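Below are the chains, spelled out letter by letter.
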Amino acid sequence: MKKSPLYAFALSVLVATPALAHTGAGSVSGFASGFSHPMGGLDHLLAMIAVGVLAAQQGGKAVWLLPVSFVAMMVVGGALGIAGVAMPFVELGIVGSVIVLGAVIALGKHMPTGAAMALVGVLAVFHGHAHGTEMPIDASGVEYGLGFALATSILHAVGLGLGFGAKKVAEKIAPVAVRIGGGMIAAAGVALLAA
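These lines cover the structure that appears in this document, whether it is placed above or below. Treat the numbers as computed from the prediction; the structure is a model and nothing was measured. (Residues numbered from 1 in each chain as written. Predicted model: local features only at pLDDT ≥ 70, side-chain atom pairs only at ≥ 80, totals over all residues. Heavy atoms only, no water.)

So, on to the overall build of the protein. Within the protein, the secondary structure is distributed over eight helices and zero strands. Of the regular secondary structure in the protein, the N- to C-terminal order runs α-α-α-α-α-α-α-α. Residues counted as buried form 44% of the 195 residues belonging to the protein. Nonlocal contacts in the protein, meaning residues at least 24 apart in sequence, comprise 81% of its contacts between residues at least 6 apart. Working note: accessible area of the protein is about 9500 Å², and carbon and sulfur atoms make up 74% of it. (Helix = DSSP H or I, 4+ residues; strand = E, 2+ residues; numbered from the N terminus. Buried < 20%, exposed > 50% of the residue type's maximum accessible area, 1.4 Å probe, protein only. Contact = heavy atoms within 4.5 Å. Areas by Shrake-Rupley, 256 points an atom, 1.4 Å probe, with all protein chains shown as cover.)

All right, on to helix α2 (residues 30-39) then. Within the span of α2, buried status applies to G30, S33, G34, H37 and P38. Projection of α2 onto a plane perpendicular to its axis shows the buried side chains occupying an angular sector of 125°, all on one side. (Arc of directions from axis to C-beta.)

The next thing to look at is the nonpolar core. Ranked by size, the top nonpolar core spans 35 residues in total, and within it L54, L66, F70, L101, I105 and V120 carry the most contacts. Breaking this core down by element, the ones donating at least two residues are α3 (42-58), α4 (62-82), α5 (90-107), α6 (113-133), α7 (141-172) and α8 (177-194). Take this core: its biggest share by element is 12 residues, from α3. Those residues within four positions of L66 in sequence are excluded, and the remaining contacts are V51, L54, A55, Q58, T113, A116, M117 and V120. (Core = buried A, V, L, I, M, F, W, Y, C linked by side-chain atoms within 4.5 Å.)

What follows is about the packing of α2 against α3. With their axes 6 Å apart at the nearest point, α2 and α3 run at an angle of 80° to one another. By the angle between their axes, α2 is roughly perpendicular relative to α3. Along its contact with α2, which presents H37, P38 and M39, the element α3 presents H44, L45 and M48. Here the residues of the contact of α2 with α3 sort into four nonpolar, two polar and no charged. (Axes fitted to C-alpha atoms, helices over the stretch in contact; angles between N-to-C directions. Parallel < 35°, antiparallel > 145°, perpendicular 65-115°, else oblique. Nonpolar A, V, L, I, M, F, W, Y, C, P; charged D, E, K, R; others polar.)

The residue F89 is not glycine, and still its phi comes out positive at about 60°. With respect to the helices and strands, the residue F89 is situated in the loop between α4 and α5.

Note that A191 resides in helix α8. For A191, a relative accessible area of 46% puts it in the partly exposed group. Through-space distance from the C-alpha of A191 to that of I99 is 9.6 Å; in sequence the pair is 92 residues apart.

Here H131 is to be found in helix α6. Sequence-distant contacts of H131, defined by excluding residues within four places in its chain, comprise H37, P38, H44, M48, M74, Y144 and F148.

Here the focus is the packing of α3 against α8. The N-to-C vectors of α3 and α8 enclose an angle of 155°; their axes lie 11 Å apart at closest approach. With respect to their mutual orientation, α3 and α8 come out roughly antiparallel. Between α3 and α8 lies a crossing whose hand is left-handed. Each of L42, D43, L46, A50, V53 and Q57 in α3 lies in contact with α8, whose residues at this interface are V178, R179, I185, A188 and L192. In the contact of α3 with α8, the residues fall into eight nonpolar, one polar and two charged. (Left-handed = near helix turned anticlockwise from the far one by under 90°.)

Our next topic: a nonpolar patch on the surface. Among the surface-exposed residues, F31, V142, L146, L150 and I154 lie close enough to one another that they form a single nonpolar patch of about 450 Å² accessible area. For the nonpolar patch, the leading source of residues is α7, giving four residues. Its place among the elements puts F31 in helix α2. With relative accessibility at 38%, the residue F31 sits in the partly exposed group. (Patch = residues over 30% accessible without salt bridge, like charges linked within 9 Å, V, L, I, M, F, W, Y side chains within 5 Å. Salt bridge = Lys/Arg side-chain N within 4 Å of Asp/Glu carboxyl O.)

So, on to the packing of aromatic side chains. The full count for this structure, using the stated rule, is two aromatic pairs. Each ring, one from F31 and one from F35, has its centre 6.2 Å from the other, and the planes form 20°; the classification is stacked. Of this pair, F31 and F35 both sit in helix α2, four residues apart, which is roughly one turn of the helix. On the basis of an interplanar angle of 75° and a centroid distance of 5.6 Å, the ring pair of Y144 and F148 is categorised as edge-to-face. One end of the pair, Y144, and the other, F148, are both in helix α7, four residues apart, so they sit about a helical turn from each other. (Phe/Tyr/Trp six-rings, centres within 6.5 Å; stacked < 30°, edge-to-face > 60°.)

Any link to function would need more than the numbers given here.
Structural data, given as structure tokens:
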């Protein structure tokens, strides 16, 4: 059976080490550092992919409005972090976003688009703040921000692909396939919280 590149990427996400992206280590700067930050931890990967899955599940304008809302508010959070504005419970907010997004997907309820945008926007501020706070001192804020915004957009696109793919499978197998995936995301968030 021929496997797609998306399948290989999804598999690599599942076998990634459970380390969080917020180690404060590393000496890369600029665009590369910004791009690698969301890719470097299971917490960011799951939350950002979950936004894409949720957008696919909601359908309609949410397909593009949810990812755009997340990226826009993540940039706001990043600017706050770069500016040194303190924000409480950032790590808890990031792990909580994995749990919340997974649970919302698992429940399978259609949300008004504005409510879904507000939800992902609030959660995105935590992710952005972490990105901004951990920007290397010698990095350009613009390059760094472009890097983490692009990486996040790619992860959202992966989530959209997985969400639409699961919907097709669900039509043939069981209507709860996407919801089961959401439950697995939420469970992974709880495991991250316990770690």
